[in-house]
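Next come the chains, spelled out residue by residue.
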Protein chains: 2
Amino acid sequence: MQSRAHQLHREGRRIAFVPTMGFLHTGHLSLMRIARERGDILVISIFVNPTQFAPGEDFEAYPRDMPRDLGLAESVGTDIVFTPDNEMMYAEGFQTYVSPENLSRGMCGKSRPIFFRGVATVVTKLFNIVRPDIAVFGEKDYQQLVIIRRMVRDLDFGIEIVGGPTVRENDGLAMSSRNAYLRPDQRAAALSLYQALQLSRTLVKAGERQADKIIAAAKRHIASFDGTAIDYVVIVDPETLDDMTVVDRPARMALAVKVGATRLIDNMALGEDLADRPA
Amino acid sequence: MQSRAHQLHREGRRIAFVPTMGFLHTGHLSLMRIARERGDILVISIFVNPTQFAPGEDFEAYPRDMPRDLGLAESVGTDIVFTPDNEMMYAEGFQTYVSPENLSRGMCGKSRPIFFRGVATVVTKLFNIVRPDIAVFGEKDYQQLVIIRRMVRDLDFGIEIVGGPTVRENDGLAMSSRNAYLRPDQRAAALSLYQALQLSRTLVKAGERQADKIIAAAKRHIASFDGTAIDYVVIVDPETLDDMTVVDRPARMALAVKVGATRLIDNMALGEDLADRPA
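Residues numbered from 1 in each chain as written. Chains lettered and ligands numbered in written order. Predicted model: local features only at pLDDT ≥ 70, side-chain atom pairs only at ≥ 80, totals over all residues.

Focus: the overall build of chain A
- From N to C terminus, chain A includes nine helices and nine strands.
- A compact globule built from 279 residues should have a C-alpha radius of gyration of about 19 Å, and chain A, at 19 Å, falls within 12% of that.
- Reported as C-alpha extents along the three principal axes, the dimensions of chain A are approximately 55 × 45 × 40 Å.
- A burial count over chain A gives 42% of its 279 residues as buried.
- Sequence separation of 24 or more characterises 69% of the internal contacts of chain A that already satisfy a separation of 6 or more. (Helix = DSSP H or I, 4+ residues; strand = E, 2+ residues; numbered from the N terminus. Rg over C-alpha atoms; globule rule 2.2 N^0.38 Å. Buried ≥ 20, exposed ≤ 12 C-beta atoms within 10 Å, placed from the backbone. Contact = placed C-beta atoms within 7 Å.)

Now the structure itself:
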């Protein structure tokens, strides 16, 4: 893959890249279409990365379907599907990690302390192997997107990072490979994430500026569904991910909720129409 | 620099790179000559990297002489001297570090716990900016060389790492920019490092196999000089840097000694002629 990438660059081609863990859904395909438009060569990777799963998380159970994924990748015009295996990515004695600091401490980093180190490390490896000019990440994983942007700037990768809008089911549920874990009777509870975000947007549009009040309303809505357990609901600065107390400029609301055994995340912009005051 | 590197690659040129902290001496020039032979374009960097110095170490005092360095760089046929500044390398909000784990814990990592994280981070940045095909590091900084090799493999940089032999003064003192700190009356004590290594080689050649006995003899020799304070003397596996108890295969002896306020390091191969038995 790496020598192929070098060859493509020598030919003056622009490589656009979408890293995935496979079990592709419409959300992935939309990222791939964005990448397809922005580069000459579309490379995707399919690799369920063990270093971002803690013991007891769903590394083994994570859904996989390579034949179906290859068909879907082809359907959007993917040129190269890179599918490394664990032995190739993490050889014996592996010990060099890329660690994002402040940005990885809150939100998902609280309940998943090694998650973003694993993500930053595998993305560094994939960037070094695939050598993209541009890479597309979903806004669905908002904290990840912010951390990758920071990493690319901090470590001088020289890669343009593009965020792709979250794609939702007809009922509003954010597309996720982990939605496959949901039983039909859990679907209504899973929808509470999207509804809580919509509710919060409505409150901000109606003039509510107190983050704690908005968060409380969102939590109440989610908690009103049986089988939900809130991990976090936050309103943060879209770049620093620092908590905001007053929504007087564009903000990001993000939340993580367990529905049964399935951990779901979602996020949405709040107050985009408010003046963006530099900090 | 990065776009220049891309352009050079498109032209099919091979970039050879020597990262330095400047105040160049014959040791650096020998690395640059090695790189000169191995690539079409010789790039060196001069950057005193703040993230590898702890508070109280010699970041401010570290010797600098850019005009002299530029002349020396030219004298060995350097094509590009890359001289970034702190603001460019560590912008506000910088927070992504490359952390080598096991290999960085012993030896210099014990007394300088953030040192190798700083080195791995800045070398990652320099690799991403300069985009070398090959990079040359001095064997003088042996632990650093092993860590960089491991990092390049772990993070898939696809860069060939070459170790350049230690260059010594006529009396045997390993060349180092920090030798500039030594007062004339400290020179004899500084020489004890080289002498202890030579003594150890002699012992191994004479049949001594017990690492603790060799280390004790080396320490005795160094301690016999006024003004020396031993940080460590170890005999380690040349790749894993694990301590060896019996020198029955090729090993590396490494040591760090303070001479007055100046911390000096040196190292040497032991038992190269012994059969190299795979672990």
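Side note on the relation of the copies chain B and chain A
- Take chain B, turn it by 180°, move it 0.0 Å along the axis, and it overlays chain A with an RMSD of 0.0 Å. Read as a symmetry element, the transformation amounts to a two-fold axis.
- Looking at the interface residues of chain B, 100% of them are also at the interface in chain A, so both copies use one shared face. (Least-squares fit on C-alpha atoms with pLDDT ≥ 70 in both.)

A few points about unusual backbone geometry
Residue and element names in this part refer to chain A.
- For M107, which is not glycine, the phi torsion reads 50° and is therefore positive.
- Examined against the element boundaries, M107 turns out to sit in the loop between strand 4 (96-100) and helix 5 (108-111).
- By C-beta crowding, M107 is classed as buried, having 25 other C-beta atoms within 10 Å.

Focus: the environment of A61(A)
- Along the chain, A61(A) falls in the loop between strand 2 (41-46) and helix 3 (66-75).
- The spatial distance from the C-alpha of A61(A) to the C-alpha of I230(A) is 22 Å, given a sequence separation of 169 residues.

A word on helix 2 (residues 26-38) of chain B
All names here are of chain B.
- For helix 2, spanning 13 residues, the distance from its first C-alpha to its last is 19 Å, which sits close to the expected 18 Å at 1.5 Å a residue.
- Listed as buried for helix 2 are G27, H28, L31, M32 and A35. Buried residues of helix 2, viewed axially, fall in a sector of 135°; they line one side. Exposed residues on helix 2 whose side chains face more than 90 degrees from its buried face are T26 and E37. (Expected span 1.5 Å × (residues − 1). Arc of directions from axis to C-beta.)

What about the domain arrangement of chain A?
All names here are of chain A.
- Looking at chain A, the domain boundaries give domain 1 (2-164) and domain 2 (177-270).
- A separation of 25 Å is found between the C-alpha centroids of domain 1 and domain 2.
- Between domain 1 and domain 2, the contact holds 13 residues from the first and 12 residues from the second.
- Listed by contribution, the elements that provide at least two residues to the side of domain 1 that touches domain 2 are helix 5 and helix 7 (142-154).
- Taken together, the residues that form the side of domain 1 that touches domain 2 break down as eight nonpolar, four polar and one charged. (Domains from an automatic or database assignment. Nonpolar A, V, L, I, M, F, W, Y, C, P; charged D, E, K, R; others polar.)

Let's talk about the sheet that holds strand 2 (residues 41-46) of chain B
All names here are of chain B.
- The sheet built from five strands is open, its strands ordered 3-2-1-5-6 with parallel pairing. Taken across any chain shown, the strands that pair with only one partner, and hence form the sheet edges, are strand 3 (80-82) and strand 6 (160-164). Here the strands of the sheet are splayed against their neighbours by 25° on average, with no regard to which way each runs.
- Where strand 2 lies against strand 3, three bridges are found, and the strand directions are parallel. If you follow I44 over to strand 3, its bridge partner there is V81.
- The strands touched by helix 7 (residues 142-154) within the sheet are strand 5 (134-138) and strand 6, with strand 6 carrying the most contacts at an inclination of about 170°. (Pairing = 2+ DSSP bridges. Axes fitted to C-alpha atoms, helices over the stretch in contact; angles between N-to-C directions.)

Some words on the packing of helix 6 (residues 115-130) of chain A against helix 7 of chain A
Residues and elements named next belong to chain A.
- Taken N-terminus to C-terminus, the directions of helix 6 and helix 7 make an angle of 50°; their axes are 11 Å apart at the nearest point. The pairing of helix 6 with helix 7 is recorded here as oblique in orientation. The chirality of how helix 6 crosses helix 7 is right-handed. Counting all contacts with helix 6, which are made through F116, V119, A120 and V123, the residues of helix 7 involved are Q144, I147, I148 and M151.
- Per-class residue counts for the contact of helix 6 with helix 7 are seven nonpolar, one polar and no charged. (Parallel < 35°, antiparallel > 145°, perpendicular 65-115°, else oblique. Left-handed = near helix turned anticlockwise from the far one by under 90°.)

Overview of the sheet that holds strand 7 (residues 228-236) of chain A
All names here are of chain A.
- With antiparallel pairing, three strands are arranged side by side in an open sheet as 7-8-9. With partners counted over all chains shown, the strands left at the sheet margins are strand 7 and strand 9 (262-270), one partner each. Neighbour-to-neighbour, the strand axes of this sheet turn through a mean angle of 15°, independent of strand direction.

Describing the nonpolar core
- In this structure, L193(A), I235(A), L255(A), L193(B), I235(B) and L255(B) are the most contacted members of the largest nonpolar core, which totals 149 residues.
- Take this core: its biggest share by element is 10 residues, from helix 6 of chain A.
- The contacts of I235(B), once residues within four sequence positions are left out, are A211(B), I214(B), I215(B), M244(B), V247(B), A251(B), M253(B) and L270(B). (Core = buried A, V, L, I, M, F, W, Y, C linked by C-beta atoms within 7 Å.)

As for the confidence of the model for chain A
- Mean pLDDT over chain A: 96, with 99% of residues reaching 70 or higher.
- For this predicted complex, the interface confidence reaches an ipTM of 0.93, while the overall pTM sits at 0.95. (pLDDT = per-residue confidence, 0-100.)

Details of the interface of chain B and chain A
- Each side of the interface is counted separately: chain B has 26 residues, and chain A has 26 residues.
- Residues that form the side of chain B that touches chain A fall into these classes: 10 nonpolar, 10 polar and six charged.
- Here strand 4 of chain A runs beside strand 4 (residues 96-100) of chain B; their pairing, made up of five bridges, is antiparallel. Of the residues in strand 4 of chain B, the one forming a bridge with T96(A) is P100(B).

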